[in-house]
Amino acid sequence: NNQGDRLLTDGRKCVDASVKASTDNEHYFKKQLPKVYEDMAEVLEQRGVYQQALEYIKESLSATPDDPFALNTEADIFLDLAKNSECIAAATAAIRASDGKYPWMQFRLGTCYFATENWNQAAASFRLAAEADKTDAVSAFDLGLSLERQGYTADAQQWYHEALNRKPDGELRTKLLSALH
């Protein structure tokens with residue numbers, strides 16, 4: 001529904017095909033293209049087609065380099081590819097671009113650090129995620145794991161209890177009960 005569209009006397013629409021309307025449409029599509037690339041990357045990442053997903057997310061980021069959601073998608077892809085340093089860089093950039101607004105981005109960063117066995121940094125990120133989202137049992141559990149790997153057993157147990165209080169699903173609940181015994 002372009003502003004230049006008008007109705008004919010019989011009620012049919014007359015589409016404005018002027019140069020201005022074409023330019024407006026081109027501008028609109030160019031603006032939407034990075035999001036389309038991001039969506040394509042997400043779909044491909046979920047289907048396990050990581051190299052193509054990476055190509056699409058790079059296209060998205062070339063147009064919108066500070067898009068926190070595209071950066072987070074890039075971190076997901078790098079995590080799947082076991083490119084942990086790239087995962088950490090992309091996740092950190094996503095958090096910075098979003099001003100730390102989304103706890104799940106902190107969780108992603110924690111997951112990237114956990115994959116490198118950097119338990120201290122993983123714990124710091126999981127703590128931020130767990131404290132920001134009091135319903136997230138997974139971040140509390142992963143914080144407990146990170147603390148346990150550092151030898152902080154009492155602190156880990158406290159976070160396992162906290163994760164259990166957050167009413168986790170069956171599989172996580174089983175892991176928590178095992179960790180607490």
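Fair warning: this is a prediction, and the values are worked out from it, not measured in the lab.

Caption draft 1: Molecular detail of helix 4 (residues 84-97). The end-to-end C-alpha distance of helix 4, which contains 14 residues, comes to 20 Å, matching closely the 20 Å that a straight helix rising 1.5 Å per residue would cover. All buried positions along helix 4 are accounted for by Asn 84, Cys 87, Ile 88, Ala 90, Ala 91, Ala 93, Ala 94 and Ile 95. Structurally, helix 4 contributes buried residues whose contacts are with helix 3 (68-80) and helix 5 (103-115). Just downstream of helix 4 lies Asp 99, where phi reads positive at about 55°.

Caption draft 2: Representation of the pattern of salt bridges within the structure. Tallied over the entire structure, the rule returns six salt bridges. A salt bridge links Lys 35 to Glu 38; its shortest N-O distance comes to 3.8 Å. Taken together, the residues Lys 35 and Glu 38, both in helix 1 (residues 19-46) and three residues apart, mark about one turn of the helix. The partner of Asp 39 in a salt bridge is Lys 35, with the nearest N and O atoms 2.9 Å apart. A residue pair is termed a helical-turn pair when its members lie 3 or 4 positions apart in one helix, as Asp 39 and Lys 35 do in helix 1 at four residues.

Caption draft 3: Representation of the packing of aromatic side chains in the model. All chains considered together, the criterion is met by eight aromatic pairs. Measuring from ring centre to ring centre gives 4.8 Å for Phe 114 and Trp 119, while their planes differ by 65°; the resulting arrangement is edge-to-face. Taking relative accessible area as the criterion, Trp 119 reaches 18% and is therefore assigned buried. Centroid distance Phe 141 to Tyr 160: 5.6 Å. Interplanar angle 35°. Geometry classified as tilted. Note that Phe 141 is positioned in helix 7 (residues 137-149) and Tyr 160 in helix 8 (residues 153-165), a separation of 19 residues in sequence. The class for Tyr 160 is buried, based on a relative accessible area of 0%. These aromatic residues form a ring-pair network of at least three members: Phe 107, Phe 114, Trp 119 and Phe 126. The ring of Trp 119 is capped by Arg 149, whose NZ or CZ atom sits 5.1 Å from the centre of that ring.

The rules we used
As a convention, each chain's residues are numbered from 1 in the sequence order in which they are written. Whole-chain, interface and lining totals are the exception, using all residues; otherwise, since this is a predicted model, local features are given only for residues with pLDDT of at least 70 and side-chain atom pairs are given and counted only at 80 or more. Remark: hydrogens and water are excluded; side-chain values derive from all non-hydrogen atoms of the structure. For helices the rule is a DSSP run of H or I covering at least 4 residues; for strands it is a run of E covering at least 2, with both sets numbered from the N terminus onward. Here a helix's expected span is defined as the number of its residues, less one, multiplied by 1.5 Å. Relative accessibility under 20% of the residue-type maximum defines a buried residue, over 50% an exposed one, and the middle range a partly exposed one, all with a 1.4 Å probe and only protein chains included. By definition, residues are in contact when any of their heavy atoms lie within 4.5 Å. Salt bridge, as used here: a side-chain nitrogen of Lys or Arg that lies within 4 Å of a carboxyl oxygen of Asp or Glu. When two rings of Phe, Tyr or Trp (its six-membered ring) have centres within 6.5 Å they constitute a pair, described as stacked for plane angles under 30 degrees, edge-to-face for angles over 60, and tilted for the intermediate range. Over a ring means this: the NZ of a Lys or the CZ of an Arg is within 6 Å of the ring centre and within 35 degrees of the ring normal.

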